[in-house]
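Read off the chains here:
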Amino acid sequence: MRLLIAEDDALLRAGLELLLQGEGFEIAGSADNADDLLAAFEPGTADGAVLDVRMPPSFTNEGLRAALELRSRVPDFPVLVLSSYVEDRYAARLLASGAQGVGYLLKERVGKVGDFVDGLRRVLAGGTVMDPEVIAQLFSRRSTRDPVRSLTPREFEVLGLVAEGLGNAAIAKAISVSETAVSKHIGNIFAKLGLAPSDSGHRRVLATLAYLRS
């Protein structure tokens, strides 16, 4: 898999390159700012991108805008955005571009190599990966009329793991229950969020969006 990297911190950028190459990825391009990365990008030359949210010149949302631009050029182009802070408004904007192949992780996750690489692989495979701290902050700001509030604590826990991109087997292992129990919880979640069976191919994505936008 060929990756683009946009990160203004030279040490972190070099570390990411070495880490990803060691995991079998090819670095298709690397830059310290979003503009240079976008200028060098050609559809078909990369399979995904890892971008910092804040980069020169304003250190606000350059990485986010670059991620959105990449996805406008190539629909559903996988992007994993890294941030030093929980900036949920950026996560919501990224998800609004489509919930397939998107990720938002805190930079501290880069230090947990297994978690970071696993999350990146899921994003490249078309999954959605959100940092638990981002999810927790979004939950704390929910509206009182939000249907997510009707979920039980266990259902909310399961939905959080769905939002992190885990499948039923991984969720069952994480909370020490059977896969059958997980399936029942997810069925209840879909019902409470008003997601009809006709949306079965997309309900996990729609549930994640409901969770993150609430």
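Everything quoted here is computed from the prediction, not taken from an experiment. (Residues numbered from 1 in each chain as written. Predicted model: local features only at pLDDT ≥ 70, side-chain atom pairs only at ≥ 80, totals over all residues. Heavy atoms only, no water.)

Novice: What exactly am I supposed to notice about the packing of helix α7 (residues 153-163) against helix α8 (residues 168-175) here?
Specialist: Two measures define how a pair of helices packs: the angle their axes make with one another and the distance between the axes. Contact pair α7 / α8: the axes reach a minimum separation of 10 Å and the direction vectors enclose 130°. Considering their axes alone, α7 and α8 lie oblique with respect to each other. In terms of crossing hand, the pair formed by α7 and α8 is right-handed. Contact residues: Arg-154, Glu-157, Val-158, Leu-161 and Val-162 in α7; Ile-171, Ala-174 and Ile-175 in α8. For the contact of α7 with α8, the residue count by class is six nonpolar, no polar and two charged. (Axes fitted to C-alpha atoms, helices over the stretch in contact; angles between N-to-C directions. Helix = DSSP H or I, 4+ residues; strand = E, 2+ residues; numbered from the N terminus. Parallel < 35°, antiparallel > 145°, perpendicular 65-115°, else oblique. Left-handed = near helix turned anticlockwise from the far one by under 90°. Contact = heavy atoms within 4.5 Å. Nonpolar A, V, L, I, M, F, W, Y, C, P; charged D, E, K, R; others polar.)

Novice: Explain the packing of aromatic side chains to me, please; I cannot follow it from the model alone.
Specialist: Two descriptors summarise a pair of aromatic rings, namely the distance from one centre to the other and the angle between the planes of the rings. Overall, the coordinates contain one aromatic pair when judged by the stated rule. Centroid distance Phe-41 to Phe-77: 5.3 Å. Interplanar angle 65°. Geometry classified as edge-to-face. Pair noted here: Phe-41 is in the loop between α2 (34-40) and β3 (48-52) and Phe-77 is in the loop between α3 (62-73) and β4 (79-83), with a separation of 36 residues, a long-range link. Residues Phe-41 and Phe-77 agree in their burial class; the two are buried. (Phe/Tyr/Trp six-rings, centres within 6.5 Å; stacked < 30°, edge-to-face > 60°. Buried < 20%, exposed > 50% of the residue type's maximum accessible area, 1.4 Å probe, protein only.)

Novice: Quick question: what am I supposed to make of unusual backbone geometry here?
Specialist: A negative phi angle characterises most non-glycine residues, just as the trans form characterises most peptide bonds. Going from Pro-56 to Pro-57, the amide bond is cis rather than trans, its omega being 5°. Assignment of secondary structure puts Pro-57 in the loop between β3 and α3. The backbone of Phe-59 shows a phi angle near 55°, a positive value even though the residue is not glycine. A positive phi angle is found at Asp-76, which is not glycine, with a value near 65°. In this fold, Asp-76 is placed in the loop between α3 and β4.

Novice: It is not clear to me how the side chain of Ser-83 should be interpreted in this structure. Could you clarify?
Specialist: Examined against the element boundaries, Ser-83 turns out to sit in strand β4. Excluding anything up to four places from it in sequence, Ser-83 contacts Asp-52, Val-53, Tyr-104, Leu-105, Leu-106 and Lys-107.

Novice: How should I be thinking about the pattern of salt bridges in this particular structure?
Specialist: Think of it this way: side chains of opposite charge can pair up when their charged atoms draw near. One pass over the full model with this rule turns up nine salt bridges. Put simply, Asp-47 and Arg-2 hold a salt bridge, and the shortest N to O gap is 3.3 Å. With a gap of 45 residues between them, Asp-47 in the loop between α2 and β3 and Arg-2 in strand β1 (residues 2-6) connect regions that are remote in the sequence. Of the charged contacts in the structure, one is a salt bridge between Asp-76 and Arg-71, with a shortest N-O distance of 3.7 Å. Residue classification places Arg-71 among the buried residues on the basis of a relative accessible area of 6%. One network of salt bridges, with partners in common, ties together Glu-7, Asp-52 and Lys-107. (Salt bridge = Lys/Arg side-chain N within 4 Å of Asp/Glu carboxyl O.)

Novice: Before we go on, may I ask you to explain the nonpolar core in this structure?
Specialist: Across soluble globular proteins, nonpolar side chains have a tendency to be buried as a group. In terms of nonpolar packing, the biggest core is built from 24 residues, with Leu-4, Ala-49, Leu-51, Leu-70, Phe-77, Val-79 and Leu-94 touching the most fellow members. Where this core is concerned, the elements lending two or more residues are β1, α2, β3, α3, β4 and β5 (102-106). No other element matches α3, which puts four residues into this core. Ranked by size, the runner-up nonpolar core spans 18 residues in total, among them Val-148, Leu-151, Ile-171 and Ala-207. (Core = buried A, V, L, I, M, F, W, Y, C linked by side-chain atoms within 4.5 Å.)

Novice: Even after reading the chapter, I still don't get the UniProt feature "modified residue: 4-aspartylphosphate" (unreviewed entry) in the protein, so can you show me in this structure?
Specialist: Annotation from UniProt places "modified residue: 4-aspartylphosphate" (unreviewed entry) at Asp-52. Looking at the secondary structure, you find Asp-52 in strand β3. According to the relative accessible area criterion, Asp-52 is buried, its value standing at 5%. Those residues in contact with Asp-52, other than ones at most four positions away along the chain, are Ala-6, Glu-7, Asp-8, Gly-63, Leu-82, Ser-83 and Lys-107. (UniProt positions renumbered as here; feature names shortened; annotations may be inferred.)

Novice: Would you take a moment to explain the pairing of β5 for this structure?
Specialist: Look at any regular strand and the pattern is simple: side chains alternate between the two faces of the sheet. Buried residues dominate β5, accounting for five of its five residues. Neither face of β5 is left uncovered, since the one carrying Val-102, Tyr-104 and Leu-106 and the one carrying Gly-103 and Leu-105 both have all their residues buried.

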